[in-house]
Amino acid sequence: MTTPPRALTIAGSDSGGGAGLQADLRTFFACGVHGLTAVTAVTVQNSLGVTGFTAIPAAVVAAQIEAVATDIGVQAAKTGMLATAEIIAAVAAACDRVHIGRGGAIPLVVDPVAASMHGDPLLRDDALDALRTELFPRATLITPNLDEVRLLTGIDVRSRDQQRDAAEALAEFGSRWVLVKGGHLWDDPECLDLLYDGTEFTELVGPRFAEVHTHGSGDTLASCITAALAKGNDVPSAVRAGKDFIVESVRHAYPLGAGVGPVSPLWRLPDAETFLAP
Ligand code: PXL
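This section reports on the structure supplied with the text. Within any chain, residue numbers begin from 1 and follow the written order of that chain's sequence. Only residues with pLDDT of at least 70 are given local features in this predicted model, and only at 80 or more are side-chain atom pairs given and counted; all residues enter the totals for whole chains, interfaces and linings. Hydrogens and water molecules were not included; the side-chain quantities draw on all heavy atoms of the structure.

Attention now goes to a negative patch on the surface. Like-charged residues are merged into a patch within 9 Å and nonpolar side chains (Val, Leu, Ile, Met, Phe, Trp, Tyr) within 5 Å, provided each residue has over 30% relative accessible area and no salt bridge. Surface accessibility in these figures is a Shrake-Rupley result with a 1.4 Å probe; residues are shielded only by whichever protein chains are displayed. Between Lys or Arg on one side and Asp or Glu on the other, a salt bridge is scored when a side-chain nitrogen of the former is within 4 Å of a carboxyl oxygen of the latter. Asp and Glu are treated as the negative residues and Lys and Arg as the positive ones, with His and the ends of the chain left uncounted. Where a charge sits is defined by one atom per residue type, namely NZ (Lys), CZ (Arg), CG (Asp) or CD (Glu). Taken together, the side chains of Asp 161, Asp 165, Glu 168 and Glu 172 define an acidic patch exposed on the protein surface. Tracing the backbone shows Asp 165 in helix α6 (residues 160–171). Judged by its relative accessible area of 41%, Asp 165 is partly exposed. A run of H or I in DSSP becomes a helix once it reaches four residues, and a run of E becomes a strand once it reaches two; helices and strands are each numbered from the N terminus. Exposed residues in this analysis have more than 50% of their type's maximum accessible area, buried residues have under 20%, and partly exposed residues fall in between, with area computed by a 1.4 Å probe over protein chains only.

Here you go:
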């Protein structure tokens with residue numbers, strides 16, 4: 001048996017199992033890569049929302065990254081919930097040491113998670129600046145939704161034209177690529193995600209679902225892109241694969257608890273040969 005590609009998620013735990021590192025690991029598995037984790041925070045949540053979280057000490061987050069990267073090896077990494085400015089600084093330094101991110105050879109996807117879909121905070125207010133200045137310049141790709149765009153740039157996107165303005169403003173922070181997700185442009189009959197490399201725009205258009213169970217959709221998209229990068233795809237084809245994958249994952253979402261259920265990456269199960277010894 002050969003060793004499968006490895007993808008690392010640097011993210012928080014969702015006790016409800018729908019988002020965070022639980023969604024990332026399911027997606028990595030569905031995409032045929034072995035998932036590694038550096039846990040940043042433990043949230044207390046169910047389908048109704050997040051009632052609190054505890055951040056993991058920054059040095060422990062950094063140690064997890066270095067432990068897996070130096071022994072197991074990582075072909076691509078992503079960040080999700082990072083909780084505090086201290087954790088962001090420690091992640092940036094650890095990534096530099098193991099060559100993850102733009103300065104090194106290993107692609108880094110930064111999903112700038114700031115709040116849950118219920119509006120509960122997942123990032124301390126003073127950490128936004130650390131995200132912009134310490135992580136974005138190291139990112140191969142950043143994947144903000146429109147709420148995150150507003151927090152990061154002050155631009156309140158209401159149209160596809162403004163989505164372009166936002167992509168240009170975000171590119172200034174130094175990531176190689178920007179993906180501005182249009183899922184929150186509620187009046188748009190389709191869901192347009194806009195990919196920008198500082199020069200050219202690529203529009204990825206998909207259907208808009210009336211689906212209410214969309215918990216974990218951003219995590220699932222970013223994880224699928226990360227898995228595709230780990231398998232050696234370039235950014236445009238990884239993002240295309242992610243878009244196709246998230247559309248089906250939303251289509252297969254299921255209810256859970258009394259609130260919002262998760263999208264399901266498990267509509268596409270990998271061949272047994274991917275992971276099982278013969
Ligand atoms: O979907 C964003 C997200 C990421 N990580 C954790 C979360 C959430 C949303 O609730 O709980 C741990």
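So much for the structure itself; the text now carries on.
Any two packed helices are characterised by how steeply their axes cross, that is the angle between the axes, and by the distance between the axes. Each axis is a line fitted through C-alpha atoms, taken for helices only over the stretch in contact, and angles between the N-to-C directions span 0 to 180 degrees. Contact pair helix α2 (residues 58–71) / helix α3 (residues 85–97): the axes reach a minimum separation of 8 Å and the direction vectors enclose 25°. Here α2 lies roughly parallel to α3, going by the angle between them. Of the two elements, α2 crosses α3, and the hand of that crossing is right-handed. Facing α2, whose interface residues are Ala 58, Val 61, Ala 62, Ile 65 and Glu 66, α3 presents Glu 86, Ile 87, Ala 90, Val 91, Ala 94 and Arg 97. The classification used treats Ala, Val, Leu, Ile, Met, Phe, Trp, Tyr, Cys and Pro as nonpolar, Asp, Glu, Lys and Arg as charged, and all other residues, Gly among them, as polar. Its residues assigned to classes, the contact of α2 with α3 shows eight nonpolar, no polar and three charged. Any angle between 65 and 115 degrees counts as roughly perpendicular, while under 35 counts as roughly parallel, over 145 as roughly antiparallel, and the rest as oblique. When the near helix sits turned anticlockwise from the far one by under a right angle, the crossing is termed left-handed; a clockwise turn instead gives a right-handed crossing. We call two residues contacting when some pair of their heavy atoms lies within 4.5 Å.

All right, on to the nonpolar core then. Here, nonpolar core refers to any group of buried Ala, Val, Leu, Ile, Met, Phe, Trp, Tyr and Cys residues whose side-chain atoms link them within 4.5 Å. Leu 8, Ile 10, Ile 65, Val 91 and Ile 100 are the most contacted members of the largest nonpolar core, which totals 54 residues. If you tally residues by element for this core, the top one is α3, at eight residues. Residue contacts for Ile 100: discarding those within four places in its chain leaves Leu 8, Ile 65, Ala 77, Cys 95, Ile 106 and Leu 108. Listed in part, the 27 residues of the second largest apolar core include Ala 7, Cys 31, Ala 222 and Val 235.

This paragraph deals with the packing of helix α7 (residues 217–230) against helix α8 (residues 235–251). In contact at an axis separation of 8 Å, α7 and α8 are set at 140° when each is read in the N-to-C sense. Compared by their axis directions, α7 and α8 come out oblique. Read as a crossing pair, α7 and α8 show a hand that is right-handed. Of the residues in α8, those in contact with Ser 217, Thr 220, Leu 221, Cys 224, Ile 225, Ala 228 and Leu 229 of α7 are Val 235, Ala 238, Val 239, Ala 241, Gly 242, Lys 243, Phe 245, Ile 246 and Ser 249. Residue classes in the contact of α7 with α8 are distributed as 11 nonpolar, four polar and one charged.

What follows covers the site of the ligand. Taken together, the residues surrounding the ligand are Gly 12, Ser 13, Ala 19, Gly 20, Thr 43, Gln 45, Met 81, Val 113, Ser 116, Leu 122, His 215 and Asp 219. At 2.5 Å from an oxygen atom of the ligand is found a side-chain nitrogen or oxygen belonging to Gln 45. Polar contacts, as counted here, are pairs of nitrogen or oxygen atoms within 3.5 Å of one another; within protein the pair requires one atom able to donate a hydrogen and one able to accept it, and residues that are adjacent in sequence qualify only if both atoms are side-chain atoms. A distance of 2.6 Å separates an oxygen atom of the ligand from a polar atom in the side chain of Asp 219. For the ligand, whose unbound accessible area comes to 310 Å², protein coverage reaches 92%. Of all the secondary structure elements, the ones that give two or more residues to the shell around the ligand are β1 (6–14) and β2 (34–46). Among the residues making up the shell around the ligand, the classes are represented as four nonpolar, seven polar and one charged. In this text, near means that some heavy atom of the residue lies within 4 Å of the molecule or strand in question.

What the rule picks out here adds up to 14 salt bridges. In this structure, Glu 66 engages Arg 97 in a salt bridge whose closest nitrogen and oxygen atoms are separated by 2.7 Å. Here Arg 97 lies in helix α3 and Glu 66 lies in helix α2, a separation of 31 residues in the sequence. Measuring nitrogen to oxygen at the nearest pair gives 3.1 Å for the salt bridge that ties Asp 193 to Lys 243. With Asp 193 in strand β8 (residues 190–196) and Lys 243 in helix α8, this residue pair connects regions lying 50 residues apart in the sequence. A relative accessible area of 5% places Asp 193 in the buried class. Each of Asp 147, Arg 150, Asp 156 and Arg 158 takes part in salt bridges that share partners, so that together they form one network.

Now for the packing of aromatic side chains. Pairing of aromatic rings covers Phe, Tyr and Trp, the last counted by its six-membered ring, and requires centre-to-centre distances within 6.5 Å; plane angles under 30 degrees mean stacked, over 60 mean edge-to-face, and any other angle means tilted. One pass over the full model with this rule turns up three aromatic pairs. Note on Phe 245 and Trp 267: the rings are 5.3 Å apart at their centroids and 40° apart in plane angle, and the pair reads as tilted. Highlighted residues: Phe 245 in helix α8 and Trp 267 in the segment after α8, separated in sequence by 22 residues. The buried category is assigned to Phe 245, whose relative accessible area is 2%. Accessibility expressed as a relative area gives 29% for Trp 267, which makes it partly exposed. To sit over a ring, a charge needs its Lys NZ or Arg CZ within 6 Å of the ring centre and within 35 degrees of the ring normal. Directly above the ring of Phe 201 sits Arg 164, whose terminal nitrogen or CZ lies 4.4 Å from the centroid.

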